[in-house]
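For reference, the chains in residue letters:
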Amino acid sequence: MRLCDVAHFPGVGGRVSASMAGMDSRFVGIAELAEVPAVAVVVDVMRAFTVAAWAFAQGAERIVLAESLDEALALKARHPDWAALKDGPPAPGFDMVNSPGLLRSADLRGRTVVQKTTAGTVGALAVKDASLVLCAGFVVAEATARLLRTRRSSGVTFVVTGEDGQAEEDLACAQYIARRATEAGTDATAFLRRAAGSRAAAELAQGVRQGAHPDDVALCLEVDRFPFAMVAALEGPLMVVRPRAVPPPAGDAVI
Ligand SMILES: O=C(O)[C@H](CS(=O)(=O)O)OP(=O)(O)O
Ligand SMILES: [Mg+2]
């Protein structure tokens, strides 16, 4: 299994994985998932899981992750009250695109959202049999790290969804959450700088990616914009994401 280079992980030299304070972190691309991990944190900063977090902030009750555009449309056809969302340009049958800047004005109170994107939703579906799956980006970093701390997870697989596991914004965020799970006071600055310099950020800023809003990059780089983690789990045949509040445990001190 090829694992992501973590040479840019401050304080962790070399490659592969990081072991800190009893938590072993692995950073892998979707195609590198050889076995079902126990605990998986699936990272898509730009933009699937930033969008998912905004959907919950706008009132969505749950997000169903679709395997394909056809499945998303079929679910929408069966449940006309659900809101179907895809990346790329707007398309017939879909209600929304994968843009936090566009989504933040939507009223999704009580709605079920069906989401299909190129990387993020694919990554979460690839680990659907894991015992815990968290979908993450910078906007839910602390809640995600706190949930890992609370569970005292000893081994965590971070799925770096973009660019075959090489997307700098996803790797930086994964490494930030891994570090923050063991060191609550971790400074985000260097990690955010890497994400801001990523190919995805440049393409969004240049208008290369369709279905975008000028504020998308900035919204994807807001650390801890939301106080909840996002837990994905199988509910019958569907992989469903729900927000989970993660209050600080008594005595959870900054290390
Ligand atoms: O919407 C996005 O930013 C991307 C689409 S693409 O990879 O740039 O074509 O999807 P995501 O799954 O959110 O990375
Ligand atoms: Mg992405």
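Structure's up top.
Residues numbered from 1 in each chain as written. Chains lettered and ligands numbered in written order. Predicted model: local features only at pLDDT ≥ 70, side-chain atom pairs only at ≥ 80, totals over all residues. Heavy atoms only, no water.

S.K.: Let's hear about the coordination of the magnesium ion (ligand 2): which residues, and what values?
M.R.: Reference geometry at the metal: tetrahedral coordination by four donors gives ideal angles of 109.5 degrees; octahedral coordination by six donors gives 90 or 180 degrees. Distances from the magnesium ion (ligand 2) to its protein donors, Asp44 (OD) and Met46 (O), fall at 2.2 to 2.3 Å. There is no split in this pair, since Asp44 and Met46 are both buried. (Donors = N, O, S within 2.8 Å, 3.2 Å for Na, K, Ca; no water. Buried < 20%, exposed > 50% of the residue type's maximum accessible area, 1.4 Å probe, protein only.)

S.K.: Requested: an account of the nonpolar core, with residues and values cited.
M.R.: In terms of nonpolar packing, the biggest core is built from 76 residues, with Met46, Leu108, Leu148, Phe158 and Met230 touching the most fellow members. For this core, the leading source of residues is helix H1 (residues 48-57), giving 8 residues. For Met46, the residues in contact, after removing those within four places along its chain, are Glu169, Asp170, Ala195, Ser198, Ala200, Ala201, Leu204, Arg209, Val217, Cys220 and Leu221. Counting 10 residues, the second-largest nonpolar core is a separate cluster that includes Ala66, Ala72, Trp82 and Val240. (Core = buried A, V, L, I, M, F, W, Y, C linked by side-chain atoms within 4.5 Å. Helix = DSSP H or I, 4+ residues; strand = E, 2+ residues; numbered from the N terminus. Contact = heavy atoms within 4.5 Å.)

S.K.: Describe in detail the pattern of salt bridges, supporting the description with residues and values.
M.R.: Inspection of every chain in the model, using the stated rule, returns 15 salt bridges. One salt bridge in this structure joins Glu142 and Arg180, with 2.8 Å as the shortest N-O distance. Of the two residues, Glu142 sits in helix H5 (residues 141-151) while Arg180 sits in helix H6 (residues 168-182), which places them 38 residues apart along the sequence. Note on accessibility: Glu142 and Arg180 belong to one class, buried. In this structure, the salt-bridge partner of Glu222 is Arg225, at a minimum N-O distance of 3.3 Å. (Salt bridge = Lys/Arg side-chain N within 4 Å of Asp/Glu carboxyl O.)

S.K.: Can you explain the state of the cysteines? Please cite residues and give values.
M.R.: Following the criterion strictly, the structure yields 0 disulfides and no others. Left unpaired, Cys135 is separated from the closest cysteine sulfur, that of Cys173, by 12 Å. Cysteine Cys220 remains unbridged, with the sulfur of Cys173 as its closest cysteine sulfur at 10 Å. In this structure Cys220 comes out as buried when scored by relative accessible area, which is 0%. (Disulfide = S-S within 2.5 Å.)

S.K.: Please give an account of the site of ligand 1 that cites residues and values.
M.R.: In the vicinity of ligand 1, the contacting residues are Asp44, Met46, Arg47, Ala48, Asp87, Asn98, Thr117, Thr118, Ala119, Gly120 and Arg209. If ligand 1 stood free it would expose 360 Å²; the protein chains cover 81% of that surface. In the shell around ligand 1, the residues fall into 3 nonpolar, 4 polar and 4 charged. (Near = heavy atom within 4 Å. Areas by Shrake-Rupley, 256 points an atom, 1.4 Å probe, with all protein chains shown as cover. Nonpolar A, V, L, I, M, F, W, Y, C, P; charged D, E, K, R; others polar.)

S.K.: Could you give an account of H1, with specific residues and numbers?
M.R.: Each α-helix winds once per 3.6 residues, and so residues spaced three or four apart point in a common direction. Across the 10 residues of H1, 9 count as buried, placing the element largely inside the fold. Among the residues of H1, Ala48, Phe49, Thr50, Val51, Ala52, Ala53, Trp54, Ala55 and Phe56 are the ones counted as buried. At the C-terminal side of H1, Gly59 shows a positive phi close to 105°.

S.K.: Account for unusual backbone geometry, naming residues and giving values.
M.R.: Going from Met46 to Arg47, the amide bond is cis rather than trans, its omega being 5°. Following the sequence through the fold, Arg47 ends up in the loop between strand S3 (39-43) and H1. With phi around 50°, Glu163 is a residue other than glycine that occupies positive phi space. Under the relative-accessibility criterion, Glu163 is labelled partly exposed at 30%. Look at Asp224: it is not a glycine, yet its phi comes out positive at around 60°. Relative to the helices and strands, Asp224 resides in the loop between helix H9 (216-220) and strand S10 (228-235).

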